[in-house]
Amino acid sequence: MATLRVSSALASSLTSTSSSLHCHPSSFTKFQSSPIWTLSFAVTSLCSRRGKRMAHSIARATLGLTQINQTEAPKISFAAKEIDLVEWKGDILAVGATEKDSARDENSKFQNPLLQKLDSKLGGLLSEASSEEDFSGKSGQSTILRIPGLGSKRIALVGLGSSTSSTAAYRSLGEAVAAAAKSAQASNIGVALASTDGLSAESKLSSASAIATGALLGIFEDTRFKSESKKPKLKSLDILGLGTGSEIEKKLKRASDVCAGVILGRELVNAPANVLTPAVLADEAKNIASTYSDVFSANILDVEQCKELKMGSYLAVAEASANLPHFIHLCYKPSGGEIKKKIALVGKGLTFDSGGYNIKTGPGCLIELMKFDMGGAAAVLGAAKALGQIKPAGVEVHFIVAACENMISGTGMRPGDIITASNGKTIEVNNTDAEGRLTLADALVYACNQGVEKIVDLATLTGACVVALGPSIAGIFTPSDDLAKEVVAASEVSGEKLWRMPMEDSYWDSMKSGVADMVNTGGREGGAITAALFLKQFVDEKVQWMHIDLAGPVWSDKKKNATGFGVSTLVEWVLKNSTN
């Protein structure tokens, strides 16, 4: 990942799950396709290599004697119920309230009918206590009271913000519920909205899905590398007052399926480079294909196969590492029915990026976080896992990752070298730390050769994009207005934030070389744009293509953890292209 010196902390997130390795029987078992989700892990070891590289690679897999703890993740069952909240029984009753819902009368009593009813049952204690804590329904506010008088042991008010609540607000409600459950060691939680006025039937379903998603992701903790950890006790979550029946049950199951992919993405990014090597990432892809063998096939290309395809750009980046590159190609095909769309998801898969000879140095270089430089790959594989559970019809999806490390050695790529990509275009390397685009170049050519109509690539590509959009928003670049509308619409459903950036063709002048077809980096200004223009050189003009630079939102500096960004949007986009 190219680092911009003026950038602040480059954020990025994805999760790490070591999967079963091809030559070893031990495996990582992850989510089941049910509203009840489970996680379990087992320690894996690396496949052997030949000669010196074999011994070195095995040593790297256990560098520092790090082993992955066996963990038993919580199981959560969802239920949608229509019940009087006063009668609901459980550990915590959480009510999401907007600023409008939280309005008071001249006696500081709630005006909202549902809150009035709860307050009356509690003898006015709810309004009194929340008033003392200055609860006004603003986003991020919450108050939790342990009080007698209701079926629940505790009642929580959670602020949703303005009167028009978004997917993000409902997801935050779910996350707040998960935090409350952890703090109180609660087993059973009920969640309701203070008011459902103005919510259509579809909006109620979406709200329930977002609440469940927030709770699932909020309760999850990646403790595989901790010597001690607490096991969450949350077992069940009731969605109250948003409807019942098959439609909401389907939505809750879908939320569970997508969360399985998001958590895989988080685990992949969280895993350190001494555990998650290119070989392990490839075996995670194999594990997905094996788990969902009715719809998935896997093809992992080795160095010799990549040479046959003339992937000089990708192989040049990988040349300095003792850990061999693995080119990952998963293909999803529904088990029956006509294929109406063929699309591809391409993820940058640098399991570690030292910067190469342009080594990352100085404040803000974030070399210690460069395990997250495979955030795009994590999003792609997370989406594959989720789609393996959902099984959309009518769409063929190719998941492509050129996995490798960018290291330093006597055999490594040097500044000034000229390399040749698989479409025959030559590249003068003027910065070895702009390596991600070199791996994506051959991955995009390969994707086009699969006969797809649309491609979305995801990469933690530039510090420039973080400077432009900050840590919470991913930049999207595409010449296609239609594709932009599709992906943005998917992101609005998922709650992930995207912002379309310009593809300014005149900036390509800074990418011209005197001795090759192009250089791999331009000037300091507009670095995210010139990176996108570089990728465009490797996409067939007949293919609709989008590049997503998610360097900012894939990692949470606050939580010091991966976010799983991108998975939800990719799944939603694929579903929009399916016939489900």
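Residues numbered from 1 in each chain as written. Predicted model: local features only at pLDDT ≥ 70, side-chain atom pairs only at ≥ 80, totals over all residues. Heavy atoms only, no water.

(A) Just the overall build of the protein, in detail. Counting its secondary structure elements, the protein contains 15 helices and 19 strands. Residues counted as buried form 58% of the 580 residues belonging to the protein. When the accessible surface of the protein is totalled, it reaches about 22,500 Å², and 49% of it is carbon and sulfur. (Helix = DSSP H or I, 4+ residues; strand = E, 2+ residues; numbered from the N terminus. Buried < 20%, exposed > 50% of the residue type's maximum accessible area, 1.4 Å probe, protein only. Areas by Shrake-Rupley, 256 points an atom, 1.4 Å probe, with all protein chains shown as cover.)

(B) Just unusual backbone geometry, in detail. A positive phi is found at D134, a non-glycine position, where the angle reads about 60 degrees. One non-glycine residue, K560, lies in the positive phi region at around 55 degrees. Among the secondary structure elements, K560 is positioned in the loop between β18 (555-556) and β19 (561-562).

(C) Summary view of the packing of helix α7 (residues 278-291) against helix α10 (residues 375-390). In the contact formed by α7 and α10, the axes pass within 10 Å of each other and the chain directions differ by 15 degrees. In terms of orientation, α7 and α10 fall into the roughly parallel class. Judged by the twist between their axes, the crossing of α7 over α10 is left-handed. On the side of α7, the interface is formed by L281, A285 and I288, while α10 contributes A377, L381, A384 and K385. When grouped by side-chain class, the residues that make up the contact of α7 with α10 number six nonpolar, no polar and one charged. (Axes fitted to C-alpha atoms, helices over the stretch in contact; angles between N-to-C directions. Parallel < 35°, antiparallel > 145°, perpendicular 65-115°, else oblique. Left-handed = near helix turned anticlockwise from the far one by under 90°. Contact = heavy atoms within 4.5 Å. Nonpolar A, V, L, I, M, F, W, Y, C, P; charged D, E, K, R; others polar.)

(D) Highlighting the sheet that holds strand β2 (residues 90-98). Taken in spatial order, the six strands line up as β1-β6-β5-β2-β4-β3 in an open sheet, and their pairing is mixed. Both edges of this open sheet fall to β1 (77-81) and β3 (142-146), since each of them pairs with a single strand only. Within the sheet, the average angular offset between the axes of one strand and its neighbour, ignoring direction, is 20 degrees. Looking at chain direction, β2 and strand β4 (residues 152-161) are connected through eight bridges and run parallel. For L93, the partnering residue across the bridge sits in β4 and is I155. The strands touched by helix α2 (residues 113-121) within the sheet are β2, β4 and β5 (188-193), with β2 carrying the most contacts at an inclination of about 140 degrees. (Pairing = 2+ DSSP bridges.)

(E) Molecular detail of the UniProt feature "domain: Cytosol aminopeptidase" (unreviewed entry) in the protein. Feature annotation in UniProt assigns "domain: Cytosol aminopeptidase" (unreviewed entry) to the following positions: residues 431-438. Split by type, residues 431-438 is 38% helix and 0% strand. Its first and last C-alpha atoms lie 11 Å apart. (UniProt positions renumbered as here; feature names shortened; annotations may be inferred.)

(F) How the structure looks around the sheet that holds strand β8 (residues 326-332). Read across the open sheet, the eight strands follow the order β7-β8-β10-β9-β13-β17-β14-β15; overall the sheet is mixed. Two strands close off the open sheet at either side, each with one partner strand: β7 (296-301) and β15 (498-500). When the angles between neighbouring strand axes are averaged without regard to direction, this sheet yields 20 degrees. In this structure, strand β14 (residues 474-477) lies alongside β15, joined through three bridges in parallel fashion. Looking at the pairing, I476 lines up with R500 of β15. Contacting β7, β8, β9 (341-353), β10 (395-406), β13 (454-459) and β17 (544-549), helix α11 (residues 436-448) crosses the sheet at an angle of about 155 degrees to β9. On the sheet, helix α15 (residues 567-576) packs against β9, β10, β13 and β15 and is oriented at approximately 165 degrees with respect to β9.

(G) Molecular detail of the pattern of salt bridges. Under the criterion given, the structure shown has 19 salt bridges. The partner of D283 in a salt bridge is K286, and the shortest N-O contact between them spans 3.3 Å. One end of the pair, D283, and the other, K286, are both in helix α7, three residues apart, so they sit about a helical turn from each other. One salt bridge connects K536 with D505, and the closest N-O pair in it is separated by 3.7 Å. With K536 in helix α14 (residues 527-536) and D505 in the loop between β15 and β16 (518-519), this pair connects stretches of sequence that are 31 residues apart. (Salt bridge = Lys/Arg side-chain N within 4 Å of Asp/Glu carboxyl O.)

(H) Quick look at the side chain of S568. Here S568 shows up in helix α15. S568 sits in the buried class, given a relative accessible area of 9%. With residues up to four places along the chain from it excluded, the contact list for S568 reads R171, V258, V262, S494 and E496.

(I) Up close: helix α6 (residues 246-270). For α6, spanning 25 residues, the distance from its first C-alpha to its last is 36 Å, which sits close to the expected 36 Å at 1.5 Å a residue. Where burial is concerned, most of α6 is hidden: 18 out of the 25 residues are buried. (Expected span 1.5 Å × (residues − 1).)

(J) The pairing of β5, seen in detail. Of all six residues making up β5, five are buried, and the element is well covered by its neighbours. Across five bridges, β2 lies against β5 in parallel orientation. Looking across to β5, one finds that A94 is bridged to V191. Inspection of the sheet shows β5 paired to strand β6 (residues 236-240) by four bridges, in the parallel sense. If you follow V191 over to β6, its bridge partner there is I239. A crossover links β5 with its parallel partner β6, the connecting element being helix α5 (residues 201-219), and its sense is right-handed. (Right-handed = clockwise from strand over helix to strand, strands pointing away.)

(K) Molecular detail of the packing of aromatic side chains. Evaluated as defined, the whole model comprises six aromatic pairs. Seen in terms of ring centroids, F534 and F538 are 5.2 Å apart; in terms of plane orientation they differ by 50 degrees. Their pairing is tilted. In terms of burial, F534 and F538 fall into one category: buried. Grouping aromatic residues by their ring pairs yields a cluster made of F296, Y332 and F399. Looking at R104, its charged tip hangs above the ring of F110, at a distance of 4.1 Å from the centre. (Phe/Tyr/Trp six-rings, centres within 6.5 Å; stacked < 30°, edge-to-face > 60°. Lys NZ or Arg CZ within 6 Å of the ring centre and 35° of its normal.)

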